[in-house]
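The residues making up each chain are set out below.
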Amino acid sequence: MTLKAIIFDVDGTLAETEEAHRAAFNEAFEAAGLDWRWDRDEYAELLHVGGGRERLRHFIDSEMPALAPQWDDDRVAQLHRDKTARYQRMVTEDGLPLRPGVLRLMRDARAAGIALAICTTTSRSNVDALLETGFPEGARAWFAAIAAGEDVTRKKPAPDVYEVALERLDLPPSACLAIEDSVIGLEAARAAGVPTLITPSTYTVGEDFDAALGVVDNLAGVRLDWLRELHLRAGRASAS
Ligand code: XBP
Ligand code: MG
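Everything numeric in this text was worked out from a predicted model, so none of it was measured.

About the criteria used
- Position numbers for residues start from 1 in each chain and track the written sequence from start to end.
- Lettering of chains starts at A and numbering of ligands starts at 1, both following the order in which they are written.
- Only residues with pLDDT of 70 or above have their local features reported here, since the model is predicted, and side-chain atom pairs are shown and tallied only from 80 upward, although totals for entire chains, interfaces and linings are computed over all residues.
- Hydrogens and water molecules were not included; the side-chain quantities draw on all heavy atoms of the structure.
- For helices, the fitted line uses only the C-alpha atoms of the stretch in contact; every axis is such a line through C-alpha atoms, and the angle between N-to-C directions lies from 0 to 180 degrees.
- Strands are runs of DSSP state E lasting at least 2 residues, helices are runs of H or I lasting at least 4, and numbering of each runs from the N terminus.
- If an angle is under 35 degrees, it is roughly parallel; if it is over 145, roughly antiparallel; if it lies from 65 to 115, roughly perpendicular; otherwise it is oblique.
- The contact criterion used is simple: two residues touch if any of their non-hydrogen atoms lie within 4.5 Å.
- Three categories are distinguished: nonpolar for Ala, Val, Leu, Ile, Met, Phe, Trp, Tyr, Cys and Pro, charged for Asp, Glu, Lys and Arg, and polar for the others, with Gly belonging to the last.
- When we say a residue is near a molecule or strand, we mean one of its heavy atoms is within 4 Å of it.
- N or O atoms closer than or at 3.5 Å make up a polar contact, with two conditions inside protein: a donor-capable atom paired with an acceptor-capable one, and, for residues adjacent in sequence, both atoms drawn from side chains.
- Surface exposure here means Shrake-Rupley accessible area, sampled with a 1.4 Å probe, where a residue is shielded only by the protein chains that are shown.
- By nonpolar core we mean a set of buried residues, namely Ala, Val, Leu, Ile, Met, Phe, Trp, Tyr and Cys, connected to one another through side-chain atoms within 4.5 Å.
- Classification of residues uses two cut-offs on accessible area relative to the type maximum, computed with a 1.4 Å probe and protein chains only: under 20% is buried, over 50% is exposed, and between them is partly exposed.
- Put plainly, a pocket is an open set of points on a 1 Å grid over the protein atoms alone with protein on both sides within 12 Å along at least five of seven lines, a cavity is a set where a 1.4 Å probe fits but cannot get out, and a lining residue has an atom within 4 Å of a point.
- Grid points are joined across faces, edges and corners, and a volume is the space filled by probe spheres set on the points.

**Student:** Before we move on, could you go through the packing of helix α4 (residues 73–94) against helix α6 (residues 124–134) and cite the residues and values that matter?
**Tutor:** One way to put it is that α4 packs onto α6 with a least axis distance of 9 Å and a crossing angle of 10°. Here α4 is positioned roughly parallel relative to α6, judged by the angle of their axes. Contacts from Thr 84, Tyr 87, Gln 88, Val 91 and Thr 92 in α4 reach Ser 125, Asn 126, Ala 129, Leu 130 and Thr 133 in α6. For the contact of α4 with α6, the per-class residue count stands at four nonpolar, six polar and no charged.

**Student:** Before we move on, could you go through the site of ligand 1 and cite the residues and values that matter?
**Tutor:** The local shell around ligand 1 holds 19 residues, among which Gly 52, His 80, Lys 83, Thr 120 and Thr 122 are the closest. Here an oxygen atom of ligand 1 sits 2.8 Å away from a polar atom, N or O, in the side chain of Asp 9. Contacts to ligand 1 include Glu 18, whose side-chain N or O atom sits 2.7 Å from an oxygen atom. For ligand 1, the accessible surface in isolation is 450 Å², of which the surrounding protein chains cover 96%. Every element with two or more residues in the shell around ligand 1 is listed here: α1 (18–31), α3 (52–63) and α4.

**Student:** Residues and numbers for the nonpolar core, please.
**Tutor:** Grouped together as the largest cluster of nonpolar side chains are 38 residues, with contacts concentrated most on Ile 6, Phe 8, Leu 14, Met 106, Phe 135, Phe 143 and Leu 219. Residues contacting Phe 135, with those up to four places away along its chain left out, are Leu 14, Leu 98, Leu 103, Met 106, Leu 130, Trp 142 and Phe 143.

**Student:** Lay out unusual backbone geometry with the relevant residues and their values.
**Tutor:** For the peptide bond that leads from Lys 156 to Pro 157, omega is 15°, which places it in the cis range. Structurally, the position occupied by Pro 157 is in the loop between β3 (143–147) and α7 (160–169). Of note in the backbone geometry, Asp 170 takes a positive phi value of approximately 60° without being a glycine. Mapped onto the elements of the fold, Asp 170 is located in the loop between α7 and β4 (176–180).

**Student:** Could you give an account of the layout of surface pockets, naming the residues involved and the relevant values?
**Tutor:** When its volume is computed, the largest pocket comes out at roughly 520 Å³. In terms of residue count, α4 provides more of the lining of the largest pocket than any other element does, five residues in total. When its volume is computed, the second largest pocket comes out at roughly 260 Å³. At four residues, helix α9 (residues 224–239) tops the list of elements feeding residues into the lining of the second largest pocket.

Written as structure tokens, this is what we have:
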């Protein structure tokens, strides 16, 4: 089937956002008078839980179960809201550069009539913050569909957020290609039937991407013709 849409993951794929997320978590912990601090190694482990609120819940339940009764879901959500505000301030005030090749590939796809979509476990407001700072003005209109964390109850690796994006695009999964940076993103896209190219981020390099269509260091060298060919081959392979 012809390639009709490219679905981009956000965190780790459009930009190396996770250090800002980690810093925002640690700032929120400090502001709340908590002595929790996540270092890089611990955060790399925690990233296997998709969604910051879910990640916090998992951390409390697994690392400090004795405290869990004091941390109901509302309290976790409140702490996560503060983290989100801090993250957005970092993105809008400091800016976060897009990864190499992202903008060019998007422009080439648009020029070729291929739709763009976004599929992420982070919040819609975090996506907007990145769209407003890292992208040219008006880039929000480039995307035929945006599916974010609040659109689903089950986050990646569940396929739900991809299913929402496909519904909004009104396309079958075989007409799309996902670009992800992580194994949980790959699992989510594949579970929704979307062939996936991986561009590992600093946090996910070294994960097992055997199930991906391909793995590239970044999108700088990725040409649209090559992507179309990759997608076509995936279609032929699944038909045979
Ligand atoms: C990666 C995630 C997100 C971010 C933090 O999202 O799992 O949870 O780590 O964002 P993506 P929130 O699907 O874009 O790779 O704290 O807003 O959840
Ligand atoms: Mg990601």
